[in-house]
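Secondary and tertiary structure notes
What follows is each chain in one-letter form.
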Amino acid sequence: MRITMIGTGYVGLVTGACLAEFGHQVICMDKDEAKIAALREGGIPIYEPGLDALVAKNVREGRLAFSTEMAEAVGAAQAVFIAVGTPSSRRGDGYADLTYIHAAARELAVHLTGYTVVVDKSTVPVGTARQVARIIREANSAADFDVVSNPEFLREGAAINDFMRPDRVVLGAESERAIAAMKELYDPLYLLSTPFVTTNLETAELIKYAANAFLAVKISFINEMATICEAVGADVKDLAKAVGLDGRIGRKFLHPGPGYGGSCFPKDTLALLRVAQEHGVAARIVEAGVEVNAAQKARMVKKIRDALGGSEAGKTVAALGLTFKPETDDLRDSPALTILPPLFEKGARIQIHDPQAMPQAASMFPHFHYTSSAYEACQGADAVVLLTEWNQYRALDLAKIKAAMKSPLFIDLRNVYEPAKMREAGFTYVCVGRN
Ligand code: UDX
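First things first, this report covers the structure right here in the doc. Just so it is clear, the structure is predicted and the values come from calculations on it, not from any experiment. (Residues numbered from 1 in each chain as written. Predicted model: local features only at pLDDT ≥ 70, side-chain atom pairs only at ≥ 80, totals over all residues. Heavy atoms only, no water.)

Here we come to helix α13 (residues 284-307). Its 24 residues give α13 an end-to-end C-alpha distance of 34 Å, which sits within 8% of 34 Å, the value for a rise of 1.5 Å per residue. For α13, the full list of buried residues reads Val286, Gly289, Val290, Val292, Asn293, Gln296, Lys297, Arg299, Met300, Val301, Lys303 and Ile304. Where α13 ends, the next residue or the one after it, Gly309, has phi of about 90°, a positive value. (Helix = DSSP H or I, 4+ residues; strand = E, 2+ residues; numbered from the N terminus. Expected span 1.5 Å × (residues − 1). Buried < 20%, exposed > 50% of the residue type's maximum accessible area, 1.4 Å probe, protein only.)

Look at Glu327: it is not a glycine, yet its phi comes out positive at around 60°. With respect to the helices and strands, Glu327 occurs in the loop between β9 (316-320) and α14 (335-345). The exposure class assigned to Glu327 is partly exposed, which follows from its relative accessible area of 27%. Positive phi, close to 50°, is recorded for Asn415, a residue that is not glycine. The topology assignment puts Asn415 in the loop between β13 (409-412) and α18 (419-424).

The biggest cluster of nonpolar side chains holds 43 residues, and the ones touching the most others in it are Leu19, Phe81, Leu185 and Tyr186. Dropping the residues within four chain positions of it, Leu185 is found in contact with Met1, Ile3, Leu19, Phe22, His24, Ala79 and Phe81. Membership of the second largest hydrophobic core comes to 36 residues, among which are Met225, Ala336, Leu343 and Ile350. (Core = buried A, V, L, I, M, F, W, Y, C linked by side-chain atoms within 4.5 Å. Contact = heavy atoms within 4.5 Å.)

Turning next to the environment of Glu174. Of note, Glu174 is situated in the loop between β7 (169-172) and α8 (176-185). Excluding residues that lie within four positions of it along the chain, Glu174 makes contacts with Arg130, Asn200, Leu201 and Glu202. There is a polar contact of 3.3 Å between the side chain of Glu174 and the backbone nitrogen of Leu201. (Polar contact = N/O pair within 3.5 Å; in protein donor to acceptor, adjacent residues only side chain to side chain.)

Another point: helix α12 (residues 265-278). Compared with an ideal rise of 1.5 Å per residue, which puts 14 residues at 20 Å, α12 spans 20 Å between its outermost C-alpha atoms and is within 8% of the ideal. Within α12, 10 of the 14 residues are buried, which leaves the element mostly enclosed by the surrounding structure. On its buried face, α12 sits against α10 (201-232) and α13. A positive backbone phi angle near 70° is found at Gly280, which sits one or two residues after α12.

Take a look at the structure:
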């Protein structure tokens with residue numbers, strides 16, 4: 001099939017490259033000329049394991065191309081994906097900003113030729129697919145098209161595998177023609193017996209929010225349990241294992257930490273709250289999940305402060321990891337960005353190491369000190385705080401860390417290390433939900 005992807009951000013680029021790998025003819029388009037020029041030269045704007053090789057292979061084999069021209073990209077396409085950004089609106093009220101979606105719909109409309117499926121891939125509030133259909137119809141009353149909602153469930157750092165081997169594919173589609181086109185598009189997944197859920201547009205849009213909200217609530221739940229564990233002298237790791245072994249609950253997403261972050265959970269939970277509010281219904285569980293997440297980040301600041309003897313003024317804090325999770329360079333809503341600034345503002349010197357995100361962080365926090373290794377970050381530190389569980393921080397040379405530090409205080413906000421072993425290694429060890 002001939003496919004056009006509008007928007008070459010995280011979702012658009014991964015989806016475009018993977019559909020090309022399925023054998024389709026894909027054009028990824030973006031208005032950002034510098035980005036398209038860089039992609040044509042083989043430059044990948046984000047860090048996602050395996051993406052550079054996948055893009056290069058499909059470009060080389062002639063299935064993937066890049067363009068800034070809407071007419072060229074949309075005219076020949078049988079399926080046009082809208083994968084532009086839906087940031088939280090600047091008003092700070094949690095609403096998703098649909099400016100880019102609406103603009104893309106208006107602009108693509110006039111270039112449609114022949115029957116085309118317009119696929120909403122971006123995460124959007126319920127009702128957006130129908131808005132997109134209306135905008136296209138208004139801009140081009142002769143267009144022969146259907147709108148399909150096909151939410152993505154890609155985890156950063158594992159996006160290619162998530163695309164190639166999804167737990168399910170969700171299709172919000174209301175015509176047989178559209179469903180047939182989407183089946184052709186995802187044919188390789190049918191061969192793998194991937195479950196497909198075909199439903200109406202509203203349900204497909206809500207499924208995405210419901211899945212992310214459930215996972216976010218699950219994390220907030222275990223973070224709340226971690227706080228209770230600390231209060232009563234219980235161990236959250238054993239608790240999570242035992243609770244998670246109940247097949248009805250499951251072990252995934254029961255890892256306590258500094259709170260969830262990233263481009264999806266924080267934004268999508270807020271957007272879901274707004275959807276509920278707009279329709280006059282309560283969403284108290286999601287609301288509580290969001291509140292617990294904010295409290296968790298604040299609790300981490302207090303944890304660090306308490307471990308430093310009640311004040312961080314004049315202390316040096318080594319921070320390992322800035323991204324919201326490993327294997328990404330994404331800093332969006334990363335807990336580190338909420339936890340470190342208050343320490344700096346109260347007079348701590350912050351020495352940072354992160355394998356991927358230091359260039360972006362340096363422009364956001366020019367007063368932090370950026371170092372070339374975990375060991376350099378720990379030089380002269382009063383405390384080291386492990387914020388992101390990058391693999392390279394899982395097997396640190398503890399003797400070397402301890403020798404570099406002024407005092408051996410290890411604050412492990414990802415529970416990577418074992419308390420007994422850390423004490424044996426001579427550290428004062430503080431973690432989450434384990435005494
Ligand atoms: C998420 C969803 O998993 C994906 O399906 C969706 O489409 C996009 O949003 P992503 O944001 O890439 O993916 O990251 P994910 O692996 O889900 O982690 C999100 C956050 O939750 C991270 O900050 C992570 O550290 C945190 N987390 C995750 C926990 O604190 N504990 C856990 O047990 C799991």
